[in-house]
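If you want the building blocks of each chain, they are given just below.
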Amino acid sequence: MSHNPFHDTVFLLGAPGLEHLPADTGREVAFAGRSNVGKSSIINALAGQRHLVRTSRTPGRTRELNFFQVRAGCRLVDLPGYGFAKVSMAQRRGWGELMAGYLAQRQSLVGVLAVMDIRHPFKDSDQDLLRLLQESGFPAHVVLNKADKLTRGDGNDVLRQARRELTLAGAQVQLFSSVSGTGVEELRRVVRGWLE
Ligand code: GTP
Ligand code: MG
């Protein structure tokens, strides 16, 4: 097996707001998506570590921007999930402001992974994220997670459909499953390419 470049990833810090982010140097890649789509699980799968990031059946687990250091100057960022029905309007507005502020100011951000549940991708809130990424001009990559929940044929149908629907310039789409390992190597290549 080839060496996994994410193997030595460690937790760096959790930032409750934009004034708490780590130094804006080097390069970082962020994971964005609705609550419960599996963002934190994907980071664990990339690192090949079970308990690097806390995951949960309960949506809204990740409330802060959590930073992980892959190696000196290279970070992964687990963003709080959006679209969680139980949060208040004020919290929802807070999420939008946090995201917009983060995207607007973060010099070291080199790419964003837009994570979706393959069983219901491209929800309104996902479209909002894609629009935000389009406007801010960041390279984006769409990850259709929980591919293990569909048959291979159905998964490939959704993938083809997603490729047709995705209008975000330059963005690619892939299948992923933290459970079966589908797409892990593909995603490692994408993220490593961005961080290099
Ligand atoms: P928030 O922090 O609330 O935004 O959620 P998150 O996007 O970080 O999701 P998390 O990784 O905590 O996973 C949510 C639930 O989905 C957990 O119960 C995971 O075990 C499950 N899950 C994550 N990835 C997969 C996958 O590929 N397949 C299946 N079947 N379940 C998954
Ligand atoms: Mg999470």
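Right above here is the structure, for reference.
Numbering of residues begins from 1 in every chain and follows the order in which that chain's sequence is written. Chains and ligands are labelled sequentially in the order written, the chains with letters from A and the ligands with numbers from 1. For a predicted model such as this one, the threshold for reporting local features is a pLDDT of at least 70, and the threshold for listing and counting side-chain atom pairs is 80 or more; totals across whole chains, interfaces and linings nevertheless cover every residue. Side-chain numbers come from the whole structure's heavy atoms, not from hydrogens or water.

**Side note on the pairing of strand β5 (residues 109–117)**
- Of all nine residues in β5, nine are buried, a share of seventy percent or more.
- Following DSSP output, two strands are said to pair if at least two bridges run between them. The secondary structure listing takes helices from DSSP runs of H or I that are at least 4 residues long and strands from runs of E that are at least 2 residues long, numbered from the N terminus. Relative to β5, strand β2 (residues 27–33) is paired through six bridges, and the arrangement is parallel. Paired with phenylalanine 31 across the strands is leucine 113, a residue of β5.
- Pairing of β5 with strand β6 (residues 140–145), which is carried by six bridges, proceeds in the parallel orientation. Residue pairing across strands places valine 112 opposite alanine 140, the latter belonging to β6.
- Here, the term right-handed applies to a crossover whose path from the first strand over the helix to the second runs clockwise when the strands point away from the viewer. The parallel pair β5 and β6 is bridged by helix α3 (residues 124–136), and the resulting crossover is right-handed. The buried label applies to any residue whose accessible area, calculated with a 1.4 Å probe on protein chains only, is under 20% of its type's maximum; exposed applies above 50%, and partly exposed to all values in between.

**With respect to the pairing of β6**
- Counting buried positions over the six residues of β6 gives six, a clear majority of the element.
- Of the pairings in the sheet, the one linking β6 to strand β7 (residues 172–175) comprises four bridges and is parallel in character. Its bridge partner lying in β7, valine 142 is registered against valine 173.
- Each parallel crossover has a hand, and for β6 linked through helix α4 (residues 152–165) to β7 it is right-handed.

**Here we look at the pattern of salt bridges**
- Any Lys or Arg side-chain nitrogen found within 4 Å of a carboxyl oxygen on Asp or Glu counts as a salt bridge. Summed over the entire model, instances satisfying the criterion amount to eight salt bridges.
- Across the pair glutamate 28 and arginine 75 runs a salt bridge, and its minimum N-O distance is 2.7 Å. Placement of glutamate 28 in strand β2 and of arginine 75 in strand β4 (residues 74–78) is noted, with a sequence separation of 47 residues between them. The pair formed by glutamate 28 and arginine 75 is uniform in burial state, with each residue classed as buried.
- With a shortest N-O distance of 2.7 Å, aspartate 157 and arginine 160 are connected by a salt bridge.

**Here we look at the sheet that holds β6**
- Strand order across the open sheet formed by seven strands is β1-β3-β4-β2-β5-β6-β7, with mixed pairing between neighbours. Edge strands, defined here as strands with exactly one partner in the open sheet, are β1 (10–15) and β7. Across the sheet, the mean angle from the axis of one strand to that of its neighbour is 25 degrees, orientation sign disregarded.
- Summarising the sheet, β1 and strand β3 (residues 65–71) pair through five bridges and their orientation is antiparallel. Bridge pairing in β3 places leucine 13 opposite phenylalanine 67.
- By definition in these notes, contact holds between two residues if any of their heavy atoms fall within 4.5 Å. Fitted lines through C-alpha atoms serve as axes, helices being fitted only where they are in contact, and the angles separating the N-to-C directions of these axes extend from 0 to 180 degrees. Each of β2, β5 and β6 is contacted by α3, which is oriented at about 165 degrees to β5, the strand it contacts most.

**Things to note about the packing of helix α1 (residues 39–47) against helix α5 (residues 184–195)**
- At their nearest, the axes of α1 and α5 sit 10 Å apart, and the two run at 90 degrees to each other. One element, α1, and the other, α5, form an angle in the roughly perpendicular class. Along the contact surface, α1 presents Ile42, Ala45 and Leu46, while α5 presents Val184, Leu187, Arg188 and Val191.
- Looking at the contact of α1 with α5 residue by residue, the classes come out as six nonpolar, no polar and one charged. Should an angle fall under 35 degrees it is taken as roughly parallel, and over 145 as roughly antiparallel, whereas 65 to 115 is taken as roughly perpendicular and any remaining angle as oblique. All amino acids are sorted into three groups, where Ala, Val, Leu, Ile, Met, Phe, Trp, Tyr, Cys and Pro are nonpolar, Asp, Glu, Lys and Arg are charged, and the leftover types, Gly among them, are polar.

**Observations regarding the environment of methionine 116**
- For methionine 116, the location among the structural elements is in strand β5.
- The class for methionine 116 is buried, based on a relative accessible area of 1%.
- Sequence spacing of methionine 116 and glycine 193 is 77 residues, and the spatial spacing of their C-alpha atoms is 21 Å.
- With sequence-adjacent residues up to four places away left out, methionine 116 is seen in contact with Val37, Pro121, Phe122, Asp126, Leu130, Val142, Val143, Leu144 and Asn145.

Just geometry here; none of it tells us what the structure is for.
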